[in-house]
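What follows is the residue order along each chain.
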Amino acid sequence: MPNDYTPQNDPDFEPPFNKLPVVVVVLFLLMAGVEAVLSLGEAGLVGGPSAIGWRLALVRDWGFSGDLFDAMIAQNYWTPQHVARLITYPFIHLSFTHALIAIVLMLALGKMAAEVMGQFAMLALFVLSGIGGALAYALFLDDPVWLVGAYPAVYGLIGGYSFLMWRKLGATGGKQMRAFTLIIMLMGLQLVWSFIGSVGNGWVAELAGFVCGFLLCFICAPGEWAQMLQRLRRR
């Protein structure tokens, strides 16, 4: 082997991040970066004694509150910071493990969605499903618990995955209900966990995120927009 050999000189070498779409890498850096700072602060490695309270302060300042949203509706007063919570809450998590699971799911499902539908469509699924999940949480519940974490947005990506499976099964003559196996399993696990301990009402936002992601694919998935326009013209 030549002395100047490096992995980058190998024609078969592919840097791991080259396999991930840019939008997925950006989301990963945002989610992991926030959690890294909070975890290091809680471990006492940065920020001094006050860093222990960073997570709670971030939830208070940028998490989503159903009560706060209801108050904005009642008063018809929409401050930019409070409206921004619809977008910022997915980047705040309750613990390292809470963040890790969300990040892993985002990487896997986000890569799939970006490669099949395009990076803009993947980002739209993530952001709009997160917004839809938060709106459902506020409008359908009267829960004072603040909503944080990327799970409603990630469930939107699961909705995208389910849509692609649904469309593929329809094209091949398979049973399209099989496309919903993953979401049924996840909701079933939520039900089981509710008997073991308190799981909260976050599942409402997650299910709403899934529905948003699935429905958005009628616009975002390749060829769907053109087919929709054709159907409208026929009418």
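Everything discussed here concerns the structure shown above.
Computed from a predicted structure; not experimentally measured.

## Considerations on unusual backbone geometry
At step 1: One non-glycine residue with positive phi stands out, namely Asn76, at about 50°.
At step 2: Of note, Asn76 is situated in the loop between helix H3 (66-75) and helix H4 (80-88).

## Here we look at the environment of Gly130
At step 1: By secondary structure assignment, the location of Gly130 is in helix H6 (residues 119-140).
At step 2: Taking C-alpha positions, Gly130 is 8.7 Å from Cys212, a pair spaced 82 residues apart along the chain.
At step 3: Setting aside residues up to four positions removed in sequence, Gly130 forms contacts with Leu86, Tyr89, Pro152 and Ala153.

## So, the packing of helix H7 (residues 151-172) against helix H9 (residues 202-220)
At step 1: The N-to-C vectors of H7 and H9 enclose an angle of 45°; their axes lie 6 Å apart at closest approach. When the interaxial angle is binned, H7 and H9 end up oblique. The handedness of the crossing between H7 and H9 is right-handed. Of the residues in H9, those touching H7 at Tyr151, Pro152, Tyr155, Gly156, Ile158, Gly159, Gly160, Ser162, Phe163 and Trp166 are Ala205, Glu206, Gly209, Phe210, Gly213, Phe214, Cys217 and Phe218.
At step 2: Broken down by class, the residue content of the contact of H7 with H9 amounts to 11 nonpolar, 6 polar and 1 charged.

The rules behind these values
- Residues numbered from 1 in each chain as written.
- Predicted model: local features only at pLDDT ≥ 70, side-chain atom pairs only at ≥ 80, totals over all residues.
- Heavy atoms only, no water.
- Helix = DSSP H or I, 4+ residues; strand = E, 2+ residues; numbered from the N terminus.
- Contact = heavy atoms within 4.5 Å.
- Axes fitted to C-alpha atoms, helices over the stretch in contact; angles between N-to-C directions.
- Parallel < 35°, antiparallel > 145°, perpendicular 65-115°, else oblique.
- Left-handed = near helix turned anticlockwise from the far one by under 90°.
- Nonpolar A, V, L, I, M, F, W, Y, C, P; charged D, E, K, R; others polar.

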